[in-house]
Structure formats: C-alpha cells, structure tokens
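Chain and residue survey
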Amino acid sequence: MQHTVSIPFRGFDEHGEVRIYAHGLLPHWRQDGCTYFVTFRQADSVPQRVLAELEYERRLWLKKRGVDLECSEWKRQLAGIPKSDRRAYERLIAKRLNDELDFGHGSCLLQDAADAKIAGDAVLHFHGERVLTGDLVVMPNHVHALMTPLPGFELESVLHSIKGYSATMINRRRGRRGILWQRESYDHIVRDFEQLEAFQHYIARNPEKAGQDPRKCLHSPAIYHPAP
C-alpha cells in the first residue's frame with residue numbers, strides 16, 4: 001500500500017463557522033476545509049461494560065455543565081462550555097478508547113493481511129475525489145487516518161462509504177454475515193501543525209504502542225504543507 005503524498009493543511013479557525021453533531025460518546029465538530037484524526041473500529045473491539053461506563057460518565061459530565069441532550073437547545077448549551085474543558089474531556093475519552101483498542105479485544109480480523117489490505121485500500125479509494133487521505137495505519141481491530149474532506153463532501157458520508165464497502169468485501173471473503181464496524185467513528189479536528197505532527201507520530205507508533213510487529217501493520221505516511 002504505497003501512498004506517500006503531499007497534502008495542503010490549514011488549522012481550525014476559532015472564529016469560523018462550526019457544525020455540531022452528537023450521535024454517540026462524543027460530539028462531532030465540523031468545519032469546512034479542516035483535517036480530522038479519524039478512528040473507526042470493529043464492532044467487538046471495545047467491551048460493552050467499558051462503553052456503558054463511558055456513556056454514564058459522558059451524561060454525568062454534560063449534566064454537571066448544564067447540557068441536556070434531550071433539550072432542543074443542547075447545541076447552544078454545549079457550545080457554552082469553555083473550549084479548554086471540552087478539549088480536556090475529549091482527550092480523556094479518546095485516550096481511554098484508544099487504550100482499549102490497543103488491548104486487542106474482539107475478533108481482530110484485520111490481523112489477516114488480506115483483510116487489512118481491503119480496509120486500507122478502501123480508506124485510500126476516494127483520495128483526491130471526495131477526501132484527501134494522509135497518514136494511515138491499519139491495526140488488528142481498528143484503523144487510524146488523517147482525512148480532509150473536499151468541498152461538497154461531509155466526513156460522515158465518506159466514512160459510511162469506506163466502512164460499507166470494506167465490510168461487504170471482508171464478510172464476502174470470509175463467508176461471514178453480520179456487522180463488522182462500529183457505527184460511530186471517533187474524529188478530532190486537527191487544530192494546528194503542532195497537533196498534526198503529534199497525530200502523525202501517534203499513527204506511526206501505534207503498532208509498537210499496542211505490542212504489534214510494525215512490519216505486519218499497514219502504515220502509509222504523508223507529507224503536509226501549508227494551504228494557500
């Protein structure tokens with residue numbers, strides 16, 4: 001899987017328009033032209049007890065800060081939480097999820113080289129057409145990638161296509177049925193070049209961090225340059 005490319009990057013604009021979606025453990029912040037650190041995982045990769053704990057903690061954290069997800073004004077309430085608090089919370093949840101993924105729970109179908117290639121090729125398939133795909137690593141039960149949706153495309157729709165196609169192909173190859181990927185993906189807007197480099201480093205080192213042989217995990221690096 002060869003994919004060393006040069007990609008334009010611009011950081012998050014604190015004063016720019018932001019869209020917020022919430023359909024899982026974390027809110028999803030969207031801004032046109034931004035790059036996202038994306039993680040999608042197998043449906044059995046995090047134990048249900050861990051997910052239940054995180055969901056309970058999420059609701060408690062939001063409630064303490066005056067956010068009622070059942071209220072029509074929840075987006076305004078959420079936006080009123082100081083950015084430093086939101087970021088600290090999101091980092092905490094992300095770390096817990098990533099640590100659980102690296103424990104190697106579940107069937108870990110992507111340990112198989114052919115299945116890993118299907119997943120990696122699916123992520124790269126829309127590069128230059130719907131999204132600019134940067135650094136990428138395929139782990140035994142999850143995938144990390146840096147992705148910048150192109151104008152007219154939303155990250156959700158791109159990931160839906162990637163996950164749908166790869167699930168179909170992997171299931172067909174294995175003669176299996178059922179859900180492969182967890183519905184919700186984790187994503188984080190990359191704020192600046194410093195954070196971009198940190199995510200690139202994380203992606204490159206994830207196999208070693210998880211106790212995997214880096215030579216057996218598909219990894220594709222990228223080069224970024226300032227957007228004009």
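Calculation notes
Residues numbered from 1 in each chain as written. Predicted model: local features only at pLDDT ≥ 70, side-chain atom pairs only at ≥ 80, totals over all residues. Heavy atoms only, no water. Helix = DSSP H or I, 4+ residues; strand = E, 2+ residues; numbered from the N terminus. Rg over C-alpha atoms; globule rule 2.2 N^0.38 Å. Buried < 20%, exposed > 50% of the residue type's maximum accessible area, 1.4 Å probe, protein only. Areas by Shrake-Rupley, 256 points an atom, 1.4 Å probe, with all protein chains shown as cover. Lys, Arg positive; Asp, Glu negative; His and termini not counted. Charge placed at Lys NZ, Arg CZ, Asp CG, Glu CD. Pairing = 2+ DSSP bridges. Contact = heavy atoms within 4.5 Å. Axes fitted to C-alpha atoms, helices over the stretch in contact; angles between N-to-C directions. pLDDT = per-residue confidence, 0-100. Phe/Tyr/Trp six-rings, centres within 6.5 Å; stacked < 30°, edge-to-face > 60°. Lys NZ or Arg CZ within 6 Å of the ring centre and 35° of its normal.

1. Let's talk about the overall build of the chain
Of regular secondary structure, the chain possesses 6 helices and 9 strands. For the chain, the C-alpha radius of gyration of 17 Å lies close to 17 Å, the compact-globule estimate for 228 residues. Expressed as lengths along the three principal axes of its C-alpha atoms, the size of the chain is roughly 45 × 45 × 30 Å. Of all 228 residues assigned to the chain, the portion counted as buried reaches 46%. Accessible surface for the chain amounts to roughly 11,700 Å². Of this, 53% is attributable to carbon and sulfur atoms. For the chain, the distance from the average site of its 32 positive side-chain charges to the average site of its 30 negative ones is 4 Å.

2. Things to note about the sheet that holds strand β7 (residues 186-189)
What links the strands of a sheet is backbone hydrogen bonding, and the strands pair in either a parallel or an antiparallel sense. As summarised here, the arrangement of the 5 strands in space is β7-β4-β6-β5-β8, forming an open sheet in which the pairing is antiparallel. Each of the sheet's edge strands pairs with one partner strand only, and the pair in question is β7 and β8 (219-220). Here strand β5 (residues 131-138) runs beside strand β6 (residues 142-149); their pairing, made up of 6 bridges, is antiparallel. From the neighbouring strand, Val138 faces β6, where its bridge partner is Val143. Sheet strands touched by helix α5 (residues 155-174): β4 (36-41), β5, β6 and β7. Its angle to β4, the strand with the most contacts, is close to 35 degrees. With respect to the sheet, helix α6 (residues 193-209) is in contact with β4, β5, β6, β7 and β8, its orientation differing from that of β6 by roughly 155 degrees.

3. Quick look at the pairing of β7
Burial along β7 is two-sided: Tyr186 and His188 facing one way and Asp187 and Ile189 facing the other are all buried. Strand direction decides the pairing type here: β4 and β7, joined by 4 bridges, are antiparallel. Among the inter-strand pairings, Thr39 is bridged to a residue of β7, identified as Tyr186.

4. Let's talk about the confidence of the model for the chain
Looking at the chain, pLDDT values average 91 and 96% of them are 70 or higher. No element of the chain has a lower mean pLDDT than strand β2 (residues 19-22), at 79, and none a higher one than β6, at 98.

5. A look at the packing of aromatic side chains
According to the stated counting rule, one finds 6 aromatic pairs in the structure shown. With a centroid separation of 6.1 Å and 85 degrees between ring planes, the pair formed by Phe37 and Tyr202 is classed as edge-to-face. Here Phe37, found in strand β4, pairs with Tyr202, found in helix α6; they are 165 residues apart in sequence, far enough to count as distant. A relative accessible area of 2% places Phe37 in the buried class. When its relative accessible area of 21% is taken as the criterion, Tyr202 is described as partly exposed. For the ring pair Trp61 and Tyr89, a centre distance of 4.2 Å and an interplane angle of 15 degrees mean the geometry is stacked. One end of the pair, Trp61, is in helix α1 (residues 48-64); the other, Tyr89, is in helix α3 (residues 83-102), and 28 residues separate them in sequence. Take Trp61 and Tyr89: they sit in the same class, and that class is buried. The rings of Phe9, Phe193 and Tyr224 are connected pair by pair, giving a single aromatic cluster. Just above the ring of Tyr36 sits the side chain of Arg30; from NZ or CZ to the centre is 5.0 Å.

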